[in-house]
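A closer look at the structure
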Amino acid sequence: MIRAALDLQPGEVLVINAAPWDCEFVRTVTETAYEAGAAYVRCDYVDPEEDRQRCLHSREEYLDYYPEWVTDYMCSYAEQGVAILDLLPPVFGAADSVLTEKLASVRKLRARSGDRYNKARSAKGVTWVKSSLPSVGWAETVYPGLKGEEAVQKLWEALIPILRLDREDPVQAWQEHKRGLQEKKTALDAMNLRKLRFEGPGTELTVELAENSGWTGGCDMNKRTGREYIPNIPTEELFAAPHKHRINGTVAATMPLNYNGSLIEGMRLVIKDGRVVEYGADSGLEALKGILETDEGSRYFGETALVAVTSPIYQTGTIYYNTILDENAVCHMALGRALTSGVPGASSMTEEELENAGLNQCSIHVDFMIGSEELKVTAEDGNGTSVVLMERGTWKI
(Lines give C-alpha, C1' and ligand atoms only; values in the text may rest on other atoms or scores of the structure.)
Protein backbone atom coordinates (compact mmCIF):
# COMPACT_ATOMS: atom_id res chain seq x y z
CA MET A 1 0.00 0.00 0.00
CA ILE A 2 2.79 2.43 0.85
CA ARG A 3 4.95 1.75 -2.19
CA ALA A 4 2.60 0.52 -4.93
CA ALA A 5 -0.66 2.31 -4.15
CA LEU A 6 0.28 5.54 -2.35
CA ASP A 7 3.76 5.88 -3.85
CA LEU A 8 4.60 7.75 -0.63
CA GLN A 9 7.62 10.04 -1.01
CA PRO A 10 10.13 11.34 1.57
CA GLY A 11 8.80 14.37 3.42
CA GLU A 12 5.11 13.63 2.84
CA VAL A 13 2.45 13.42 5.55
CA LEU A 14 0.20 10.35 5.78
CA VAL A 15 -3.18 10.11 7.51
CA ILE A 16 -4.57 6.62 8.14
CA ASN A 17 -8.28 6.06 8.78
CA ALA A 18 -8.92 2.75 10.53
CA ALA A 19 -11.08 0.96 13.08
CA PRO A 20 -9.72 0.87 16.68
CA TRP A 21 -9.31 -2.92 16.68
CA ASP A 22 -6.89 -2.71 13.73
CA CYS A 23 -4.27 -0.76 15.69
CA GLU A 24 -1.60 -3.47 15.38
CA PHE A 25 -1.89 -3.50 11.60
CA VAL A 26 -1.86 0.30 11.55
CA ARG A 27 1.37 0.32 13.57
CA THR A 28 2.97 -1.91 10.94
CA VAL A 29 1.81 0.42 8.17
CA THR A 30 3.06 3.41 10.15
CA GLU A 31 6.47 1.80 10.53
CA THR A 32 6.63 1.13 6.80
CA ALA A 33 5.61 4.72 6.03
CA TYR A 34 8.38 6.15 8.20
CA GLU A 35 10.87 3.78 6.59
CA ALA A 36 9.75 5.19 3.24
CA GLY A 37 10.60 8.69 4.48
CA ALA A 38 7.27 10.04 5.74
CA ALA A 39 7.61 13.30 7.65
CA TYR A 40 4.63 12.53 9.87
CA VAL A 41 2.04 9.75 10.17
CA ARG A 42 -1.26 10.22 11.97
CA CYS A 43 -3.98 7.67 12.53
CA ASP A 44 -7.60 8.75 12.94
CA TYR A 45 -9.36 5.82 14.59
CA VAL A 46 -13.05 5.73 13.71
CA ASP A 47 -15.63 3.42 15.24
CA PRO A 48 -17.83 2.22 12.33
CA GLU A 49 -20.72 2.08 14.80
CA GLU A 50 -20.55 5.73 15.89
CA ASP A 51 -23.51 6.85 13.74
CA ARG A 52 -25.66 4.04 15.10
CA GLN A 53 -24.70 4.93 18.68
CA ARG A 54 -25.57 8.56 18.05
CA CYS A 55 -28.98 7.71 16.60
CA LEU A 56 -29.77 5.35 19.48
CA HIS A 57 -28.72 7.59 22.36
CA SER A 58 -28.50 11.26 21.31
CA ARG A 59 -31.28 13.72 21.99
CA GLU A 60 -33.51 14.17 18.96
CA GLU A 61 -32.82 17.91 18.67
CA TYR A 62 -29.07 17.30 18.21
CA LEU A 63 -29.34 14.88 15.29
CA ASP A 64 -29.35 17.72 12.75
CA TYR A 65 -26.03 19.08 14.06
CA TYR A 66 -22.69 18.44 12.39
CA PRO A 67 -19.65 20.42 13.63
CA GLU A 68 -18.08 22.68 11.04
CA TRP A 69 -14.64 22.14 12.54
CA VAL A 70 -14.71 18.50 11.39
CA THR A 71 -15.11 19.65 7.79
CA ASP A 72 -12.43 22.29 8.31
CA TYR A 73 -10.07 19.60 9.60
CA MET A 74 -10.71 17.40 6.57
CA CYS A 75 -10.30 20.31 4.16
CA SER A 76 -6.89 20.97 5.70
CA TYR A 77 -5.81 17.62 4.19
CA ALA A 78 -6.25 19.17 0.77
CA GLU A 79 -4.58 22.44 1.73
CA GLN A 80 -1.53 20.63 3.12
CA GLY A 81 -1.31 17.99 0.39
CA VAL A 82 -1.71 15.10 2.83
CA ALA A 83 -1.81 11.49 1.58
CA ILE A 84 -4.73 9.44 2.94
CA LEU A 85 -5.01 5.68 3.46
CA ASP A 86 -8.55 4.59 4.29
CA LEU A 87 -8.72 1.10 5.82
CA LEU A 88 -12.18 1.23 7.41
CA PRO A 89 -14.25 -1.98 7.17
CA PRO A 90 -17.86 -1.98 5.96
CA VAL A 91 -20.65 -1.54 8.49
CA PHE A 92 -23.18 -4.31 9.09
CA GLY A 93 -26.29 -4.78 11.16
CA ALA A 94 -29.98 -4.51 10.39
CA ALA A 95 -31.99 -1.68 11.91
CA ASP A 96 -35.67 -1.05 12.45
CA SER A 97 -37.43 1.50 10.24
CA VAL A 98 -37.15 4.35 12.78
CA LEU A 99 -33.42 3.82 13.28
CA THR A 100 -32.91 3.43 9.51
CA GLU A 101 -34.60 6.80 8.97
CA LYS A 102 -32.44 8.46 11.64
CA LEU A 103 -29.28 6.94 10.21
CA ALA A 104 -30.20 8.16 6.73
CA SER A 105 -30.78 11.68 8.07
CA VAL A 106 -27.48 11.78 10.01
CA ARG A 107 -25.47 10.43 7.08
CA LYS A 108 -27.19 12.81 4.67
CA LEU A 109 -26.12 15.73 6.84
CA ARG A 110 -22.55 14.45 7.02
CA ALA A 111 -22.44 13.87 3.27
CA ARG A 112 -23.57 17.43 2.60
CA SER A 113 -20.98 18.78 5.03
CA GLY A 114 -18.34 16.62 3.37
CA ASP A 115 -19.15 18.02 -0.06
CA ARG A 116 -16.81 20.95 0.61
CA TYR A 117 -14.02 18.51 1.41
CA ASN A 118 -14.65 16.49 -1.76
CA LYS A 119 -14.36 19.62 -3.89
CA ALA A 120 -11.19 20.74 -2.09
CA ARG A 121 -9.66 17.28 -2.43
CA SER A 122 -10.39 17.19 -6.16
CA ALA A 123 -9.11 20.71 -6.83
CA LYS A 124 -5.98 20.69 -4.67
CA GLY A 125 -4.72 17.19 -5.40
CA VAL A 126 -4.83 14.61 -2.64
CA THR A 127 -3.51 11.06 -2.92
CA TRP A 128 -6.35 9.02 -1.42
CA VAL A 129 -6.20 5.22 -1.34
CA LYS A 130 -9.09 3.07 -0.12
CA SER A 131 -9.01 -0.53 1.02
CA SER A 132 -10.56 -2.57 3.84
CA LEU A 133 -9.23 -4.79 6.62
CA PRO A 134 -11.22 -7.88 7.62
CA SER A 135 -13.38 -7.49 10.71
CA VAL A 136 -15.43 -10.07 12.59
CA GLY A 137 -18.73 -8.53 11.49
CA TRP A 138 -17.70 -8.41 7.86
CA ALA A 139 -16.20 -11.92 7.83
CA GLU A 140 -19.23 -13.50 9.51
CA THR A 141 -21.50 -11.84 6.92
CA VAL A 142 -19.45 -13.23 4.02
CA TYR A 143 -19.14 -16.67 5.66
CA PRO A 144 -22.28 -17.13 7.79
CA GLY A 145 -21.31 -20.68 8.74
CA LEU A 146 -18.15 -19.48 10.50
CA LYS A 147 -17.67 -17.44 13.66
CA GLY A 148 -15.08 -15.03 15.05
CA GLU A 149 -11.42 -15.53 14.19
CA GLU A 150 -12.19 -18.56 12.01
CA ALA A 151 -14.32 -16.35 9.74
CA VAL A 152 -11.68 -13.58 9.74
CA GLN A 153 -8.98 -16.09 8.77
CA LYS A 154 -11.15 -17.39 5.92
CA LEU A 155 -11.64 -13.86 4.62
CA TRP A 156 -7.91 -13.13 4.78
CA GLU A 157 -7.27 -16.32 2.80
CA ALA A 158 -9.65 -15.09 0.10
CA LEU A 159 -8.16 -11.59 0.03
CA ILE A 160 -4.47 -12.56 -0.21
CA PRO A 161 -4.58 -13.60 -3.91
CA ILE A 162 -7.07 -10.82 -4.74
CA LEU A 163 -4.59 -8.30 -3.32
CA ARG A 164 -1.71 -10.07 -5.10
CA LEU A 165 0.02 -10.67 -1.78
CA ASP A 166 0.77 -14.24 -2.83
CA ARG A 167 3.10 -13.04 -5.59
CA GLU A 168 6.88 -13.22 -5.23
CA ASP A 169 7.03 -9.41 -5.54
CA PRO A 170 3.59 -7.91 -4.77
CA VAL A 171 4.74 -4.37 -5.61
CA GLN A 172 5.91 -5.45 -9.05
CA ALA A 173 2.72 -7.45 -9.54
CA TRP A 174 0.65 -4.34 -8.85
CA GLN A 175 2.75 -2.26 -11.24
CA GLU A 176 2.21 -4.85 -13.98
CA HIS A 177 -1.53 -4.97 -13.27
CA LYS A 178 -1.69 -1.18 -13.40
CA ARG A 179 0.03 -1.17 -16.79
CA GLY A 180 -2.45 -3.74 -18.10
CA LEU A 181 -5.42 -1.59 -17.10
CA GLN A 182 -3.77 1.49 -18.58
CA GLU A 183 -3.30 -0.32 -21.90
CA LYS A 184 -7.01 -1.16 -21.96
CA LYS A 185 -7.82 2.48 -21.06
CA THR A 186 -5.68 3.70 -23.97
CA ALA A 187 -7.52 1.34 -26.33
CA LEU A 188 -10.93 2.60 -25.14
CA ASP A 189 -9.87 6.24 -25.46
CA ALA A 190 -8.61 5.63 -29.01
CA MET A 191 -12.07 4.36 -29.98
CA ASN A 192 -13.66 7.73 -29.07
CA LEU A 193 -16.73 6.04 -27.59
CA ARG A 194 -19.72 8.31 -26.96
CA LYS A 195 -22.53 5.88 -26.10
CA LEU A 196 -22.80 2.52 -24.30
CA ARG A 197 -25.65 0.05 -24.27
CA PHE A 198 -26.00 -2.50 -21.46
CA GLU A 199 -28.20 -5.57 -22.04
CA GLY A 200 -28.86 -8.25 -19.46
CA PRO A 201 -31.59 -9.70 -17.21
CA GLY A 202 -33.67 -6.70 -16.12
CA THR A 203 -31.28 -4.28 -17.82
CA GLU A 204 -31.83 -2.40 -21.08
CA LEU A 205 -29.83 0.78 -20.56
CA THR A 206 -28.33 3.38 -22.88
CA VAL A 207 -25.60 5.58 -21.40
CA GLU A 208 -24.07 8.55 -23.22
CA LEU A 209 -20.76 9.82 -21.88
CA ALA A 210 -20.20 13.39 -20.71
CA GLU A 211 -18.59 15.87 -23.06
CA ASN A 212 -14.87 15.07 -23.56
CA SER A 213 -15.01 12.22 -21.04
CA GLY A 214 -12.27 9.66 -21.45
CA TRP A 215 -11.59 6.53 -19.43
CA THR A 216 -9.70 5.99 -16.20
CA GLY A 217 -8.26 2.71 -15.01
CA GLY A 218 -5.46 1.30 -12.92
CA CYS A 219 -4.41 4.60 -11.44
CA ASP A 220 -5.25 8.23 -10.91
CA MET A 221 -2.95 11.25 -10.91
CA ASN A 222 -2.34 13.69 -8.07
CA LYS A 223 -2.86 17.09 -9.69
CA ARG A 224 -0.48 18.76 -7.27
CA THR A 225 2.50 16.42 -7.60
CA GLY A 226 1.84 14.92 -11.03
CA ARG A 227 2.49 11.43 -9.63
CA GLU A 228 0.31 8.42 -10.23
CA TYR A 229 -1.31 6.41 -7.45
CA ILE A 230 -3.75 3.49 -7.23
CA PRO A 231 -6.94 4.81 -5.57
CA ASN A 232 -8.53 1.44 -4.79
CA ILE A 233 -6.91 -1.74 -3.54
CA PRO A 234 -8.07 -3.94 -5.20
CA THR A 235 -8.96 -2.42 -8.57
CA GLU A 236 -10.09 -4.11 -11.79
CA GLU A 237 -12.28 -1.38 -13.32
CA LEU A 238 -12.19 1.06 -16.22
CA PHE A 239 -14.64 3.90 -15.70
CA ALA A 240 -15.94 7.05 -17.37
CA ALA A 241 -18.30 9.88 -16.48
CA PRO A 242 -21.79 9.60 -18.00
CA HIS A 243 -23.70 12.66 -19.17
CA LYS A 244 -26.08 13.71 -16.44
CA HIS A 245 -29.14 13.99 -18.72
CA ARG A 246 -28.41 11.31 -21.32
CA ILE A 247 -29.13 7.97 -19.66
CA ASN A 248 -32.34 6.11 -20.47
CA GLY A 249 -33.82 2.69 -19.80
CA THR A 250 -33.97 0.19 -16.98
CA VAL A 251 -31.24 -1.35 -14.87
CA ALA A 252 -31.24 -4.18 -12.34
CA ALA A 253 -28.56 -4.76 -9.73
CA THR A 254 -26.93 -8.19 -9.91
CA MET A 255 -25.51 -8.17 -6.38
CA PRO A 256 -26.74 -6.96 -3.00
CA LEU A 257 -25.59 -3.48 -2.00
CA ASN A 258 -24.46 -2.91 1.57
CA TYR A 259 -25.11 0.78 2.16
CA ASN A 260 -23.89 1.87 5.59
CA GLY A 261 -25.10 -1.34 7.19
CA SER A 262 -28.43 -1.63 5.35
CA LEU A 263 -28.59 -4.40 2.76
CA ILE A 264 -30.40 -3.52 -0.49
CA GLU A 265 -31.29 -6.60 -2.54
CA GLY A 266 -33.01 -6.86 -5.91
CA MET A 267 -32.52 -3.16 -6.68
CA ARG A 268 -34.32 -1.94 -9.84
CA LEU A 269 -34.28 1.52 -11.41
CA VAL A 270 -36.10 3.19 -14.29
CA ILE A 271 -34.19 6.14 -15.74
CA LYS A 272 -35.45 8.89 -18.03
CA ASP A 273 -33.16 11.66 -19.27
CA GLY A 274 -30.59 10.69 -16.65
CA ARG A 275 -32.94 10.82 -13.65
CA VAL A 276 -34.29 7.88 -11.64
CA VAL A 277 -38.07 8.17 -12.05
CA GLU A 278 -39.06 4.78 -10.58
CA TYR A 279 -37.31 2.45 -8.18
CA GLY A 280 -37.84 -0.79 -6.33
CA ALA A 281 -36.05 -3.43 -4.29
CA ASP A 282 -36.79 -6.86 -2.86
CA SER A 283 -35.42 -5.65 0.49
CA GLY A 284 -33.83 -2.49 1.82
CA LEU A 285 -36.28 -0.18 0.06
CA GLU A 286 -36.03 2.48 2.80
CA ALA A 287 -32.25 2.56 2.47
CA LEU A 288 -32.55 2.94 -1.31
CA LYS A 289 -35.06 5.75 -0.82
CA GLY A 290 -32.60 7.43 1.55
CA ILE A 291 -29.89 7.34 -1.13
CA LEU A 292 -32.17 8.79 -3.80
CA GLU A 293 -33.42 11.56 -1.52
CA THR A 294 -29.99 12.71 -0.31
CA ASP A 295 -29.93 15.85 -2.43
CA GLU A 296 -30.77 17.22 -5.87
CA GLY A 297 -28.09 15.17 -7.61
CA SER A 298 -28.65 11.81 -5.96
CA ARG A 299 -31.20 10.60 -8.54
CA TYR A 300 -28.64 11.15 -11.31
CA PHE A 301 -25.48 9.20 -12.16
CA GLY A 302 -21.78 9.88 -11.81
CA GLU A 303 -20.01 6.79 -13.12
CA THR A 304 -20.25 3.93 -15.56
CA ALA A 305 -17.61 1.21 -15.17
CA LEU A 306 -16.54 -1.86 -17.09
CA VAL A 307 -15.19 -4.93 -15.28
CA ALA A 308 -14.89 -8.36 -16.90
CA VAL A 309 -16.07 -11.46 -15.07
CA THR A 310 -12.52 -12.75 -15.42
CA SER A 311 -11.77 -10.49 -12.43
CA PRO A 312 -10.10 -12.50 -9.64
CA ILE A 313 -12.80 -11.19 -7.30
CA TYR A 314 -15.66 -12.54 -9.40
CA GLN A 315 -13.79 -15.79 -9.93
CA THR A 316 -13.88 -16.55 -6.19
CA GLY A 317 -17.65 -16.99 -6.54
CA THR A 318 -18.19 -14.97 -3.37
CA ILE A 319 -20.23 -11.82 -2.70
CA TYR A 320 -18.24 -9.71 -0.24
CA TYR A 321 -20.93 -7.17 0.77
CA ASN A 322 -18.23 -4.52 0.51
CA THR A 323 -18.43 -2.17 -2.46
CA ILE A 324 -14.69 -1.79 -2.91
CA LEU A 325 -14.53 -5.52 -3.65
CA ASP A 326 -17.89 -6.16 -5.29
CA GLU A 327 -17.59 -3.21 -7.68
CA ASN A 328 -14.31 -4.70 -8.92
CA ALA A 329 -15.97 -8.05 -9.61
CA VAL A 330 -18.36 -6.93 -12.38
CA CYS A 331 -19.57 -3.89 -14.33
CA HIS A 332 -21.25 -1.23 -12.25
CA MET A 333 -22.91 2.19 -12.22
CA ALA A 334 -22.88 4.86 -9.53
CA LEU A 335 -25.55 7.24 -8.36
CA GLY A 336 -24.42 10.70 -7.34
CA ARG A 337 -21.22 12.70 -7.78
CA ALA A 338 -19.46 12.40 -11.13
CA LEU A 339 -15.96 10.99 -11.23
CA THR A 340 -14.12 13.54 -13.35
CA SER A 341 -10.55 12.20 -13.53
CA GLY A 342 -11.12 11.31 -17.20
CA VAL A 343 -12.42 14.79 -18.12
CA PRO A 344 -9.66 17.26 -19.02
CA GLY A 345 -9.81 20.47 -16.98
CA ALA A 346 -12.73 19.34 -14.81
CA SER A 347 -10.89 20.06 -11.52
CA SER A 348 -10.76 23.76 -12.35
CA MET A 349 -14.35 24.07 -13.61
CA THR A 350 -17.00 26.05 -11.77
CA GLU A 351 -20.23 24.29 -10.74
CA GLU A 352 -21.97 25.93 -13.70
CA GLU A 353 -19.29 24.70 -16.10
CA LEU A 354 -19.50 21.18 -14.67
CA GLU A 355 -23.26 21.23 -15.11
CA ASN A 356 -22.94 22.44 -18.70
CA ALA A 357 -20.49 19.61 -19.39
CA GLY A 358 -23.06 17.10 -18.14
CA LEU A 359 -21.13 16.24 -14.95
CA ASN A 360 -23.45 15.53 -12.03
CA GLN A 361 -22.86 17.31 -8.72
CA CYS A 362 -23.86 15.51 -5.55
CA SER A 363 -22.69 14.99 -1.96
CA ILE A 364 -22.63 11.18 -2.33
CA HIS A 365 -21.28 8.59 -4.75
CA VAL A 366 -22.89 5.14 -4.44
CA ASP A 367 -21.76 2.26 -6.66
CA PHE A 368 -24.02 -0.69 -7.41
CA MET A 369 -23.27 -3.77 -9.48
CA ILE A 370 -24.99 -4.56 -12.79
CA GLY A 371 -22.61 -7.06 -14.40
CA SER A 372 -22.83 -10.83 -14.79
CA GLU A 373 -22.02 -13.62 -17.23
CA GLU A 374 -25.24 -12.65 -19.06
CA LEU A 375 -24.32 -9.00 -19.67
CA LYS A 376 -23.61 -7.62 -23.14
CA VAL A 377 -22.08 -4.17 -23.62
CA THR A 378 -22.19 -2.49 -27.02
CA ALA A 379 -20.58 0.87 -27.75
CA GLU A 380 -21.00 3.54 -30.39
CA ASP A 381 -18.30 5.98 -31.43
CA GLY A 382 -18.63 9.58 -32.62
CA ASN A 383 -19.26 8.39 -36.17
CA GLY A 384 -22.11 6.10 -35.15
CA THR A 385 -20.09 2.91 -35.65
CA SER A 386 -21.03 0.12 -33.22
CA VAL A 387 -18.65 -2.32 -31.55
CA VAL A 388 -19.24 -5.06 -29.00
CA LEU A 389 -17.10 -4.36 -25.95
CA MET A 390 -18.31 -7.26 -23.80
CA GLU A 391 -20.19 -10.48 -24.44
CA ARG A 392 -21.31 -12.68 -21.53
CA GLY A 393 -19.45 -10.33 -19.22
CA THR A 394 -16.10 -10.89 -20.96
CA TRP A 395 -13.99 -8.44 -22.96
CA LYS A 396 -14.28 -8.75 -26.77
CA ILE A 397 -11.63 -6.12 -27.59
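Residues numbered from 1 in each chain as written. Predicted model: local features only at pLDDT ≥ 70, side-chain atom pairs only at ≥ 80, totals over all residues. Heavy atoms only, no water.

1. Some words on the overall build of the protein chain
Applied cut-off: A run of H or I in DSSP counts as a helix once it spans at least four residues, and a run of E counts as a strand once it spans at least two, with each numbered from the N terminus. Every radius of gyration here is taken over C-alpha atoms, with the globule rule written as 2.2 Å times N^0.38, N being the number of residues. Throughout, exposure labels follow a simple rule: accessible area from a 1.4 Å probe, protein chains only, divided by the maximum for the residue type, with under 20% read as buried, over 50% as exposed, and the rest as partly exposed. Here, residues are in contact when the closest pair of their heavy atoms is within 4.5 Å. Methods summary: accessible areas were calculated by the Shrake-Rupley approach with a probe of 1.4 Å, and residue burial reflects only the protein chains presented.
If you tally the helices and strands in the protein chain, you get 11 helices and 21 strands. Compactness check: the protein chain gives a C-alpha radius of gyration of 20 Å against a globular reference of 21 Å for 397 residues, within 12% of the reference. Taken over the C-alpha atoms alone, the protein chain extends approximately 55 × 50 × 50 Å along its principal axes. With 397 residues in all, the protein chain has 51% of them scored as buried. Taking all contacts inside the protein chain whose residues are at least 6 apart in sequence as the whole, residues at least 24 apart take part in 73%. Counting only carbon and sulfur atoms, one obtains 48% of the accessible surface of the protein chain, whose full area is about 17800 Å².

2. Side note on the packing of aromatic side chains
Two descriptors summarise a pair of aromatic rings, namely the distance from one centre to the other and the angle between the planes of the rings. Heads up, the rule is: Stacked, tilted and edge-to-face are the three classes applied to pairs of Phe, Tyr and Trp rings, where Trp contributes its six-membered ring and a pair requires centres within 6.5 Å; stacked means planes under 30 degrees apart, edge-to-face means over 60, and tilted covers the rest. Should the NZ of a Lys or the CZ of an Arg lie within 6 Å of a ring centre and within 35 degrees of the ring normal, that charge is described as sitting over the ring.
Scanning the entire structure with this criterion turns up three aromatic pairs. Between Phe301 and Phe368 the ring centres are 6.4 Å apart and the planes differ by 55°, which places this aromatic pair in the tilted class. Residue Phe301 is located in strand 16 (residues 301-306), and its partner Phe368 is located in strand 18 (residues 365-369); the two are separated by 67 residues in the primary sequence. Between the NZ or CZ atom of Arg164 and the centre of the ring of Trp174, over which it lies, the distance is 5.0 Å.

3. What about the pairing of strand 11 (residues 242-252)?
To be explicit about the condition: Between any two strands, at least two bridges found by DSSP are needed for them to pair.
As paired elements, strand 6 (residues 203-209) and strand 11 share five bridges and run antiparallel to each other. Residue pairing for strand 11: Thr206 is matched across the bridge by Asn248. Relative to strand 14 (residues 268-272), strand 11 runs antiparallel, the two sharing four bridges. Counterpart to Ala252 in the pairing with strand 14 is Arg268.

4. Things to note about unusual backbone geometry
Of note, the bond from Ile233 into Pro234 is cis; its omega dihedral lies within 30 degrees of zero at 10°. Here Pro234 shows up in the loop between strand 9 (228-229) and strand 10 (238-240). One non-glycine residue, Arg164, adopts positive backbone phi at about 60°. On the secondary structure map, Arg164 appears in the loop between helix 6 (148-162) and helix 7 (170-190). Of note, the phi angle at Asp273 is positive, near 50°, even though the residue is not glycine. Overall, Asp273 belongs to the partly exposed group, its relative accessible area being 42%.

5. As for empty space enclosed by the protein
This is how it is decided: A cavity here means a set of points on a 1 Å grid, drawn over the protein atoms and nothing else, where a 1.4 Å probe fits but cannot get out; a pocket is an open set with protein on both sides within 12 Å along at least five of seven lines, and a residue lines either one if it has an atom within 4 Å of a point. Grid points are joined across faces, edges and corners, and a volume is the space filled by probe spheres set on the points.
Within this structure, the stated rule accounts for three cavities of 30 Å³ or more. Mapped by element, the contributors of at least two residues to the lining of the largest cavity are helix 4 (97-124) and helix 8 (285-292). Top element by residues in the lining of the largest cavity is helix 4. It accounts for six residues.

6. Section: the nonpolar core
Counted only if it meets this: Take the buried Ala, Val, Leu, Ile, Met, Phe, Trp, Tyr and Cys residues and link them wherever side-chain atoms come within 4.5 Å; each set so joined is a nonpolar core.
Membership of the largest hydrophobic core comes to 45 residues, with the highest contact counts inside it found for Leu14, Ile16, Leu85, Trp138, Tyr320 and Leu325. When residues of this core are assigned to their parent elements, the largest contribution, six residues, is made by helix 6. Grouped together as the second largest cluster of nonpolar side chains are 42 residues, Leu292, Ala308, Leu335 and Ile364 included.

7. Some points on the pattern of salt bridges
Test applied: Salt bridge, as applied in this entry: a Lys or Arg side-chain nitrogen positioned within 4 Å of an Asp or Glu carboxyl oxygen.
Summed over the entire model, instances satisfying the criterion amount to 14 salt bridges. Two residues, Arg197 and Glu204, come together in a salt bridge whose shortest N-O distance is 2.7 Å. Since its relative accessible area comes to 33%, Arg197 is described here as partly exposed. With relative accessibility at 37%, the residue Glu204 sits in the partly exposed group. With its nearest N and O atoms 3.0 Å apart, the salt bridge here joins Asp282 to Arg268. Of this pair, Asp282 sits in the loop between strand 15 (275-280) and helix 8 while Arg268 is found in strand 14, placing the two residues 14 residues apart along the sequence. For Asp282, a relative accessible area of 62% translates into the label exposed. One continuous salt-bridge network, built from bridges that share partners, spans Asp7, Glu12 and Arg227.

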